[in-house]
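For reference, the chains in residue letters:
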Amino acid sequence: MNRFRPLRSRFSCQLNGLQASLLTAGLVLITCPAYGLPSSRLSHSAIDLLGREGTLENHRSQRSAVRKQEAELTATLHTQHVSSQRSAVSGQQSTIAEDLAQAQQPTSPEAAISSPAPAAAIDLEPKLIEQSPVLQRWLQQVPNVLADIKHDPSFRTRLRLGYTQFPSTKQAGGLNVGIEDVFLGHTGLTLSADYQTAFNGRRESWGTDLRYYVRPLGSSINVAPVIGYRHLETTRYATDGVNVGLRLLLVPSRTGAADIAVTQSWVAPGSEAEVGLTTLSFGYALTHNLRLSTDIQQQNSRFRKDSRVGIGLEWML
């Protein structure tokens, strides 16, 4: 009996250990949440955890309702986002359309010029203002630049002194003096006077003319009727009387920098001593006030044809 006692105690220990293992495994199986297992179906333990309303059908219906609400909410948010984007795009399009409409509207240069920054907002040194007549004018009153460009003369008053040659009178040399386009007020009316003579005394011409420029004085192309008085003297004849005609002025560069003029006039028109004068003149500025001028003149009468060529300097006033 004593021989089997150790075996009995060893068997009892093993049996107790097996019972403890089985008990532990059972507790683990009982307490392990079945819904945590990788299965698409819910266990009875999970169903029990749902409570009174926790049947499988109710749980699935609730889950479907939640998913449906989530889908509806997502669709609503997406619709609102798209609508807000469309509203923003349409607002930008309307703003761009308004800007384009404003840009396409013809803007008056007078209106653009007449709204500069106020003079008080311009921080300038008093010394700079004193030395600049342009700044003084702008600070006192903003000028109408477009009107100035249109009406300020594109040519200037000129004093002329030069050499003249008479090819038809044995190439005689002479003197040419004159004044051109003295403005009478703020109108297109100007006064001109000139005198040419040969050193040998065989040719002489002098006279004065009024010219009225029809177009604005700032135009690059202008036309002026001419009326005045002229005296002509050659070796064959001498005549004087009213001088009437027309002058065409081309100004490729403003304020006397360069111009071309063609004048056709008749002295004592309708009489036996009528003389036609065709004059072509050029002017080109060398400095701000000094320029070089040339003129070619053809003188036609019933008795003969005479010519004159002149070159000289002009001082622009």
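Structure shown above.
Let me begin by describing the structure that accompanies this report. For clarity, every value in this text was computed on a predicted model and none was experimentally measured.

Our next topic: the overall build of the protein. Broken down by element type, the protein carries seven helices and ten strands. Residue burial in the protein is summarised as follows: out of 317 residues, 26% are buried. Here the analysis covers contacts within the protein between residues at least 6 apart in sequence; of these, 44% occur between residues at least 24 apart.

All right, on to the nonpolar core then. With seven residues, the main nonpolar core is built from Phe155, Tyr213, Leu217, Ala224, Leu249, Val251 and Ala261. In this structure Val251 touches Ser154, Ser219, Ser220, Ala258 and Asp259, once residues within four positions along its chain are discounted.

Looking now at unusual backbone geometry. Despite not being glycine, Asp181 has its phi angle at roughly 55 degrees, a positive value. Its place among the elements puts Asp181 in strand E2 (residues 172-183). In the Ramachandran plot, Thr255 falls in the positive-phi region, its phi being about 55 degrees despite a non-glycine side chain. Within the secondary structure, Thr255 is located in the loop between strand E6 (238-253) and strand E7 (258-267).

This part takes up empty space enclosed by the protein. Within the structure shown, the criterion is met by two cavities of 30 Å³ or more. As a volume, the largest cavity reaches approximately 380 Å³. For the largest cavity, the lining is made up of 30 residues, of which Glu180, Arg211, Arg247, Thr263 and Thr279 are closest to its centre. Here the element with the most residues in the lining of the largest cavity is strand E8 (residues 275-285); it accounts for five residues. Of the volumes computed, that of the second largest cavity is approximately 50 Å³.

Thresholds, definitions, all that
Residues numbered from 1 in each chain as written. Predicted model: local features only at pLDDT ≥ 70, side-chain atom pairs only at ≥ 80, totals over all residues. Heavy atoms only, no water. Helix = DSSP H or I, 4+ residues; strand = E, 2+ residues; numbered from the N terminus. Buried < 20%, exposed > 50% of the residue type's maximum accessible area, 1.4 Å probe, protein only. Contact = heavy atoms within 4.5 Å. Core = buried A, V, L, I, M, F, W, Y, C linked by side-chain atoms within 4.5 Å. 1 Å grid on protein atoms, 1.4 Å probe; cavity = no way out; pocket = protein on both sides within 12 Å on 5 of 7 lines; lining within 4 Å. Points joined across faces, edges and corners; volume = space filled by probe spheres on them.

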